[in-house]
Amino acid sequence: MIASMRERRRSANTLCRNFVTKTKWTCIAKTQCLPVRMPARSAIEQHGAVSFVQLRYNFRAYPTPGQQIELAKAFGCARVVFNDGLRARQEAREQGLPYVSDGDLSKQVITQAKLTPEREWLGEVSAVVLQQALADLNVAYRNFFASVTGKRKGRRVAPPKFRSRKDNRQAIRFTANARFKVLDNGRLRLPKIGDLDVRWSRGLPSDPSSVTIVMDAAGRHFASFVVTTTDEALPELDSEVGIDLGLTHFAVLSDGTKVAAPKFLRRAARKLKRLQQDLTRKQRGSNNRKKAVVKVARAHARVADTRRDWQHKLSTRIIRENQAVYVEDLCVVGLGRTRLAKSVHDAGWSSFVGMLEYKAARWGRTFGKIDRFAPTTQTCSVCGRIDGPKPLSVRSWACLCGAVDDRDVNAATNVLAQGRWDNSNACGTRVRPALVPAPRPTSRREAGIRPDAACSTRSVEGISALQGREIVKSASTEGWSRPPRK
C-alpha cells in the first residue's frame, strides 16, 4: 500500500525536496469516520505552479496489552522530561540565572540524566520521544514570550504548566529520525514499542514525516500522521452564500436553507446524567471509580465525535456547492458566559467556522468573516434600512418599504452582502447599499422596540432561535438595491 503511494507522489515530492512547509489543516481518516479538530490558521507554500500543504491523517490504533505497557512507559518518560525541563528553567529564573538554552536543557534533562540512578530508566524509550517532549516545551515558551511581547496576536498565552499522569490526553511523537515505518501488512512499526495494529480507512497520499500516538480520556489510541501533498482546487462556481449561525437552527443560509441544530449534548443528557451519578457513588481511589470515569469519558467522546463528524459533512457540502462563503465573526467566548452557555458550546460554532476556513483555503474557495458589530438583524435586506434592535421573540418583521423579512434569512442575506462589500468585486466597486436610518415610528407595532432605536447603528444582537427542527428550503430572497438619492 505504501509502495504504491510512493510511486504516485514521487514526482511531486521531488519538487519540494528542499522546501519547508507549515502545518495547514487536518485531513481526517479514522475507522469510524470521527475526525479530530486541528487549528485552521494555516500557510500554503507554492513552488512554481504547484502548491504544497501539510495534512494530518488520524487512524484508530489497537495496541496489544504488552504494547500498551510500553506506550505507558513512553508517555511517562516524555512527561518526566517535560516537567524536568520546565522545573530547570523555573529554578534558573528564581535564582536570577540566564535563560537555559535548548541545547543546554537537552544535555541536562536527557543526556546527563540517563547517567544518574534516578533517571536511568529514560533509556528504555526512544530518544526521539524525549527530544520531542523538550521541543514541545520550547514551543510553549516561545509562544508565551511572543504573546507577552505582542508579536503573537489573539488571546494571551499562559506560561507552560507541569504535565500530570492524570491528564485527559497523553501523546508522544516520532519523527523521521526515529525510523518508524508502515509495513506492507498495514502495521505501524515504532522503535522500542513494536508493530501496532492500525485500522486504515484510506491510504496516505505520501510518505509521512512524523507520527503522533495519542491516548484520550476514554482509553482509545490513535496514530496521527503528517504528510505533505499537493493542493487541489475545485471547479469554480457562480454561487455565493452567507451563513447566519443560531441555536434552534444551527445555520441559516442566504438562499433560504435552514439546517436544524442536532443538539447532540442535549440528546445524550439523560445517559450522561446516569453515568455521572454512578461515578459520584464510587469510592475515591477504588478500581470501580476508575471504570466509572472511563465510562463517562467514553460517553462524552461519543458526543464530541458525532458532532464533529456532522459538522465536517455539512461544511464540506457548503464549500463544494459555493464559490464564496461568508459568516459572522461571533464572540463565542462572551456568549459562553451567558445563560445560553450550554447550548452555545453544544452547537460548536467555532469548530464549524474553522472547518469552513481551512476547507475553503484547500479547495480554492473564498472565505470571509464580517464584523461582529454589523447590524445584520436590524437592516432590511431589500432596501438597506436600519429598523433598530429587536428581541429574540420577534422572528419576522415588516419594513417600511413593504418587505416582510424573516429574521434569520434576512440576517444571512445581509452577511452575504457585507462579505461581498468587504471583499469587493473584480472592478473594485461597492456591492452593498448605503445604510438608511429608519424614521421615528409613530406607533410601536413590535414588542420590545424602543421608539429611539432607529438611531442606533450597532448591535450586539446575538443568537437566533427559530422554531422548528426540519431542514427547510425556501425561495431565494431579493437582492440588494440602492435606494434613490434625495
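Nothing here was measured: the structure is a model prediction, and the numbers come from that model. (Residues numbered from 1 in each chain as written. Predicted model: local features only at pLDDT ≥ 70, side-chain atom pairs only at ≥ 80, totals over all residues. Heavy atoms only, no water.)

Participant: Any chance you could explain unusual backbone geometry here in plain terms?
Facilitator: Backbone geometry follows two general trends: most residues other than glycine have a negative phi, and most peptide bonds adopt the trans configuration. One non-glycine residue, Arg 179, lies in positive phi territory at about 60°. The residue Arg 179 is located in the loop between strand E3 (170-175) and strand E4 (181-182) in this model. In this model, Lys 263 sits at a positive phi of 55°, which is unusual for a non-glycine residue. For Lys 263, the location among the structural elements is in the loop between strand E11 (258-260) and helix H5 (264-267). (Helix = DSSP H or I, 4+ residues; strand = E, 2+ residues; numbered from the N terminus.)

Participant: Help me understand the environment of Leu 247, please; the structure alone is not making it clear to me.
Facilitator: You can see Leu 247 is positioned in the loop between strand E9 (240-245) and strand E10 (249-253). Owing to a relative accessible area of 12%, Leu 247 belongs among the buried residues under this scheme. Spatially, the C-alpha atoms of Leu 247 and Leu 340 are 9.4 Å apart, while their sequence positions differ by 93 residues. (Buried < 20%, exposed > 50% of the residue type's maximum accessible area, 1.4 Å probe, protein only.)

Participant: Sorry if this is basic, but what is going on with helix H6 (residues 269-280) here?
Facilitator: Along an α-helix, a turn takes 3.6 residues, which lines up residues three or four apart on a common side. For H6, with twelve residues, the first-to-last C-alpha span of 16 Å sits near the 16 Å given by 1.5 Å per residue. Along H6, the positions that sit buried rather than exposed are Leu 272, Leu 275 and Leu 279. Each buried residue of H6 lies within a common arc of 70° when the element is viewed along its axis, so the set occupies one face. The outward face of H6, more than 90 degrees from its buried face, is lined by the exposed residues Arg 270, Lys 273 and Thr 280. Turning to H6, the residues buried within the fold contact H5 and helix H7 (287-321). (Expected span 1.5 Å × (residues − 1). Arc of directions from axis to C-beta. Contact = heavy atoms within 4.5 Å.)

Participant: I tried to follow the side chain of Gln 132 on my own but got confused; where do I start?
Facilitator: Mapped onto the secondary structure, Gln 132 falls in helix H4 (residues 127-149). The contacts of Gln 132, once residues within four sequence positions are left out, are Arg 173 and Thr 175.

Participant: Please explain the packing of helix H2 (residues 65-94) against helix H3 (residues 102-111) as it appears in this structure.
Facilitator: Relative orientation and spacing of two packed helices are given, respectively, by the angle between their axes and the distance between those axes. Two elements in contact, H2 and H3, have axes whose closest approach is 10 Å; the angle formed by their N-to-C orientations is 120°. Looking at the two axes, H2 sits oblique to H3. The two elements H2 and H3 cross, and the hand of that crossing is right-handed. Facing Val 81, Asp 84, Gly 85, Ala 88 and Arg 89 of H2, the residues of H3 in contact are Asp 102, Leu 105, Gln 108, Val 109 and Ile 110. Of the residues in the contact of H2 with H3, the class split is five nonpolar, two polar and three charged. (Axes fitted to C-alpha atoms, helices over the stretch in contact; angles between N-to-C directions. Parallel < 35°, antiparallel > 145°, perpendicular 65-115°, else oblique. Left-handed = near helix turned anticlockwise from the far one by under 90°. Nonpolar A, V, L, I, M, F, W, Y, C, P; charged D, E, K, R; others polar.)

Participant: Would you explain the sheet that holds E9 in this entry?
Facilitator: Two modes of strand pairing occur in sheets, parallel and antiparallel, and in both the strands are linked by backbone hydrogen bonds. If you walk across this open sheet you meet the five strands as E11-E10-E9-E12-E13, and the pairing is mixed. With partners counted over all chains shown, the strands left at the sheet margins are E11 and strand E13 (366-370), one partner each. In this sheet, adjacent strand axes meet at a mean angle of 20° when their direction is disregarded. Here E9 runs beside strand E12 (residues 324-328); their pairing, made up of four bridges, is parallel. Within E12, the position partnered with Gly 242 by the bridge is Tyr 326. (Pairing = 2+ DSSP bridges.)

Participant: Explain the nonpolar core here, please?
Facilitator: Burial of nonpolar side chains together is a common tendency in soluble globular proteins. Of all hydrophobic cores here, the largest spans 45 residues; its most connected members are Ile 172, Phe 174, Leu 188, Leu 190, Val 211, Ile 213 and Phe 225. No other element matches H2, which puts ten residues into this core. If near-sequence neighbours (up to four positions away) are discounted, Phe 174 is found in contact with Ser 126, Val 128, Val 129, Phe 180, Leu 190, Pro 191, Ile 193, Ser 210, Val 211 and Ile 213. Counting residues in each nonpolar core, the second largest holds 26 residues, with Val 259, Val 327, Val 332 and Val 353 among its members. (Core = buried A, V, L, I, M, F, W, Y, C linked by side-chain atoms within 4.5 Å.)

Participant: Explanation requested: the environment of Arg 156 in the structure shown.
Facilitator: As for its placement among the helices and strands, Arg 156 is situated in the loop between H4 and E3. Taking C-alpha positions, Arg 156 is 9.3 Å from Ala 146, a pair spaced ten residues apart along the chain.

Participant: Sorry if this is basic, but what is going on with the pairing of E10 here?
Facilitator: Along any regular strand the residues' side chains alternate between the sheet's two faces. Most of E10 sits inside the fold, with five of its five residues counted as buried. Relative to E10, E9 is paired through three bridges, and the arrangement is antiparallel. Bridge assignment links Ile 243 to a residue of E10, and that residue is Leu 253. The antiparallel pairing of E9 with E10 creates a hairpin that spans three residues between the two strands. As paired strands, E10 and E11 are joined by three bridges and run antiparallel to one another. Pairing of Ala 251 across the sheet is with Val 259, part of E11. The hairpin turn running from E10 into E11, its antiparallel successor, is four residues long, and Gly 256 in that turn takes a positive phi close to 100°.

Participant: Explain the environment of Asp 244 to me, please; I cannot follow it from the model alone.
Facilitator: Among the structural elements, Asp 244 can be located in strand E9. With 133 residues separating them in the primary sequence, Asp 244 and Thr 377 have C-alpha atoms 9.8 Å apart.

Participant: Mind showing me how you'd approach the pattern of salt bridges here?
Facilitator: A pair can form between side chains of opposite charge whenever their charged atoms are brought close. According to the stated counting rule, one finds 20 salt bridges in the structure shown. Note that Asp 216 and Arg 220 form a salt bridge whose closest N and O atoms lie 2.8 Å from each other. Taken individually, Asp 216 and Arg 220 each receive the classification buried, so the pair is uniform in this respect. The partner of Lys 313 in a salt bridge is Asp 309, and the shortest N-O contact between them spans 3.3 Å. With a gap of four residues between them, Lys 313 and Asp 309 both fall in helix H7, about one helical turn apart. Sharing partners across several salt bridges, the network here consists of Asp 216, Arg 220, Asp 305 and Arg 308. (Salt bridge = Lys/Arg side-chain N within 4 Å of Asp/Glu carboxyl O.)

Bear in mind that shape data such as this cannot, by itself, settle questions of function.
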